[in-house]
Amino acid sequence: MGVSLLFHSNLLDRCVDDILPVAKIFNNTCCNWLGKNSMILLVPIVTLYPIYKLICHFILMLHLTFSTLYFLVWKFLAVTVRPIKNIEKKKKEYKEAKKILSLICDQMGKENDGYRSSLIRAVLQGTYEVVDEILYNSPPTINCENDEGYNIIQLAIINRSEKVYNLIYHIIERTKSYKGKEDSFDNTLVHLAGKLAPSFVLERTTGAALQLQRELLWFEEVKKLFLPIELTRQNKYNETPTMVFTKEHLDLMKQGETWMKTTAESCSITAALIVTVVFAAAITVPGGNQESGLPLFKEKTAFTIFAVSNAFSLFTSATALLLFLSILTARFSEKDFLVSLPRRLIFGLLMLFISTTAMMVAFGAILVLVFCDQRPWMLAPICAFSCLPISVIVTIKVPLLVDLIQSTYYPIFGKHSYLESCKVNRKNTVFMKYE
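Keep in mind that what you see is a predicted model, and the values were worked out from it rather than measured. (Residues numbered from 1 in each chain as written. Predicted model: local features only at pLDDT ≥ 70, side-chain atom pairs only at ≥ 80, totals over all residues. Heavy atoms only, no water.)

Of the regular secondary structure elements, the protein chain holds 15 helices and 0 strands. In the protein chain, once contacts between residues fewer than 6 apart in sequence are set aside, the share between residues at least 24 apart is 76%. With the model as given, the accessible surface of the protein chain reaches about 26800 Å², and the carbon-plus-sulfur share is 66%. (Helix = DSSP H or I, 4+ residues; strand = E, 2+ residues; numbered from the N terminus. Contact = heavy atoms within 4.5 Å. Areas by Shrake-Rupley, 256 points an atom, 1.4 Å probe, with all protein chains shown as cover.)

Encoded structure:
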C-alpha cells in the first residue's frame, strides 16, 4: 500500500511539473496579447458609450414629455369631463379625510380609550387607513377587543378584511402571543379562518364558486402562519381547522358545484352550436367546386379569409366545448375550486369569445364574396350586423371572465402598493413591547 501511495505521489508531482511551464507560457501570452490589443478593445467601448448616453437622454426626454402631456390632458379632462371630475373630487376628499384623521389622532394622544370603538369598526369595514393611523399613534390599541373577546387580528380574519390583514401581517408573524391567540372555544386563528364568512362579506363576490375560492384562499393563507403539527390542534368540540372548514362550507360547496355546472352547460351549448355551424360551412364550400375538385373562389382574398377564420373558429370552439365538458365531469373537491375549475372556465370562455368572433368574420367574408362585387354598399351593414353577436356575448360574459381572472391570478395577500404609504410597516418594532 505504501509503495502504491508513493508511486501515485511521484506521478502527481511529475504531472504538476509538466503543467506549470505550460500555464506560465499561456499566462504570458495572454498578458502580451491584451497589452498589445488593449487599444483595439477600447475603441468599440469609446465609440458606443456616447451612443448609449444619447439613447438614455432620449428615453428620459420621451418620459418627461409623455408625463407632462399626460398631466396636462388629465387636468383638462378633470375640468371638462364629468366622470373624471368626480374621480378628482373623490381623490381630493380622500386626502382631506386622511389629514383630518391624522389631526384627530394627534389631538387624542397615545393613551385614550376612545380609539377602541373606532378601531373595531374600521377593522369590520376593512378601512385599513384608519387602522394604520390609530395603531401608529397608539400602539397599545393592538390589544383592543370587542364585546365577544376578539382582538383586531381575529376580527380581520373573521370578517375577511384582507387589507387590514396585510397591514398587520408582519405583527402576527413576529409575535407568538398574537399568533397563538385563542377564543373562548379554543379556536385558533386557523379555526376562525375555517369558519364561514359573514353574508355581507360573501355578497361582495359574484357566484358561489368564486365565494368558495375566496374562502379557500383565506384558509390557505392563515395556515402558512403555523407549523403542520399545530394545524391538528382541536377546539372544544374536538374539531381540527380542516374539519371546521369542511363543515362550515358544505352548503356553499354544493351551491358552487351547481353554479359551475350551470355556467359550463350554458356555455357548452353555445360552443356546440358554433362547432356544428362552422363544420357544416367547412364541408360545404361556398360557390361550389371546379371539375378538378378545387373551390371556385380559391383565388379570392375573401375566400382565404373565410377558410382561415372558419378553421380557427372550429378549433377554438371544439377546445372550448372540451373544457366545459371537463368541468361537468370534474370531481368537485374543495381544492378544485381554488385553481383547477376556475382556470378551466377562464380558458373555456376565452376560446368561446375567439370562436364566436372568428365565426362572424368567416360569415361576413362569405357575404362580401357573394354579394358585394355588384353591391359594395352592403359592406357596411354586413360589418355592423356581424359585430352584433360579438358585442352581445362580450357584454354578457366579460364581467364573469374579469371576476374569474382577478380572483384566480391576482393575489389578495402579500405586498401591495397601498401598503407603501402606511405608517405601520415592518420597520416598526414598537408592537413587540405589547406582546
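A contiguous nonpolar surface patch, about 770 Å² in accessible area, is contributed by Ile51, Ile55, Phe58, Ile59, Leu62, Phe66, Leu69 and Val73. Its place among the elements puts Ile51 in helix 1 (residues 2-80). Taking relative accessible area as the criterion, Ile51 reaches 43% and is therefore assigned partly exposed. (Patch = residues over 30% accessible without salt bridge, like charges linked within 9 Å, V, L, I, M, F, W, Y side chains within 5 Å. Salt bridge = Lys/Arg side-chain N within 4 Å of Asp/Glu carboxyl O. Buried < 20%, exposed > 50% of the residue type's maximum accessible area, 1.4 Å probe, protein only.)

Before going further, it helps to spend a moment on the nonpolar core. Membership of the largest hydrophobic core comes to 77 residues, with the highest contact counts inside it found for Tyr165, Val222 and Phe324. Those residues in contact with Tyr165 that lie beyond four places of it in its chain are Ala156, Ile157, Ile172, Trp218, Glu221, Val222, Leu225 and Phe413. One finds Ala302, Phe303, Ala362 and Leu369 within the second-largest nonpolar core, a separate group that totals 7 residues. (Core = buried A, V, L, I, M, F, W, Y, C linked by side-chain atoms within 4.5 Å.)

On to unusual backbone geometry, then. Backbone geometry places Asn238, a non-glycine residue, at a positive phi of 60 degrees. Looking at the element boundaries, Asn238 is found in the loop between helix 10 (208-223) and helix 11 (241-248). Located in the positive-phi region is Phe332, a residue other than glycine, with phi close to 60 degrees. Considering the arrangement of structural elements, one finds Phe332 in the loop between helix 13 (301-328) and helix 14 (340-371).

Time to look at the packing of aromatic side chains. Note on aromatic pairs: each is described by the distance of the centres and the angle between the planes. Scanning all chains against the criterion turns up 7 aromatic pairs. With 5.3 Å between their ring centres and 65 degrees between their planes, Tyr165 and Trp218 make a pair best called edge-to-face. Of the two residues, Tyr165 is situated in helix 6 (residues 162-174) and Trp218 in helix 10; the sequence distance between them amounts to 53 residues. Like Tyr165, the residue Trp218 is buried in the burial classification. (Phe/Tyr/Trp six-rings, centres within 6.5 Å; stacked < 30°, edge-to-face > 60°.)

Let us now look at the environment of Asp403. Topologically, Asp403 is positioned in helix 15 (residues 379-409). Taking the C-alpha atoms as reference points, Asp403 and Thr206, separated by 197 residues in sequence, lie 7.7 Å from one another. Setting aside anything within four residues of it in sequence, one finds Asp403 in contact with Thr206 and Leu210.

A rise of 1.5 Å per residue sets the reference length of helix 6, with its 13 residues, at 18 Å; its end C-alpha atoms lie 18 Å apart and thus fit the reference within 8%. Along helix 6, the largest kink reaches about 55 degrees and is centred on Ile168. Within helix 6, burial applies to Val164, Tyr165, Asn166, Leu167, Ile168, Tyr169, His170, Ile171 and Ile172. (Expected span 1.5 Å × (residues − 1). Bend = angle between axes of the 7 residues up to and from the residue.)

Because an α-helix completes one turn every 3.6 residues, residues spaced three or four positions apart along the sequence face the same direction. Restricting attention to buried positions, one finds in helix 11 the residues Pro241, Val244 and Phe245. The buried residues of helix 11 occupy one face: seen down the axis, they fall within an arc of 100 degrees. (Arc of directions from axis to C-beta.)

Turning next to the pattern of salt bridges. By the definition in use, this model includes 11 salt bridges. Between Arg116 and Asp147 there is a salt bridge whose closest N-O contact spans 3.2 Å. A residue pair is termed long-range when its members are at least 10 positions apart, and Arg116 in helix 3 (residues 115-125) and Asp147 in the loop between helix 4 (128-137) and helix 5 (152-158) qualify at 31 residues. What makes Arg116 partly exposed here is its relative accessible area of 33%. The closest approach of N and O atoms between Lys423 and Glu133, which form a salt bridge, is 3.0 Å. One end of the pair, Lys423, is in the segment after helix 15; the other, Glu133, is in helix 4, and 290 residues separate them in sequence. Several salt bridges share partner residues, and in doing so they unite Glu220, Lys223 and Lys335 into one network.

With that settled, the discussion passes to the packing of helix 10 against helix 12 (residues 250-283). Here helix 10 crosses helix 12 at 135 degrees, and the two axes come no closer than 7 Å. Considered as vectors, helix 10 and helix 12 are oriented oblique to each other. Here the hand of the crossing between helix 10 and helix 12 comes out left-handed. The residues of helix 12 that touch helix 10, namely those facing Ala208, Ala209, Gln211, Leu212 and Glu215, are Leu252, Met253, Gln255, Gly256, Trp259 and Met260. (Axes fitted to C-alpha atoms, helices over the stretch in contact; angles between N-to-C directions. Parallel < 35°, antiparallel > 145°, perpendicular 65-115°, else oblique. Left-handed = near helix turned anticlockwise from the far one by under 90°.)

Below, the discussion takes up the confidence of the model for the protein chain. Looking at the protein chain, pLDDT values average 81 and 80% of them are 70 or higher. In this model, residues 1-9 is a region of pLDDT below 50 whose contacts with residues beyond four sequence positions or in other chains number 0 contacts. For the stretch residues 22-27, pLDDT sits under 50, and the model shows 0 contacts to residues farther than four places along the chain or on other chains. (pLDDT = per-residue confidence, 0-100.)

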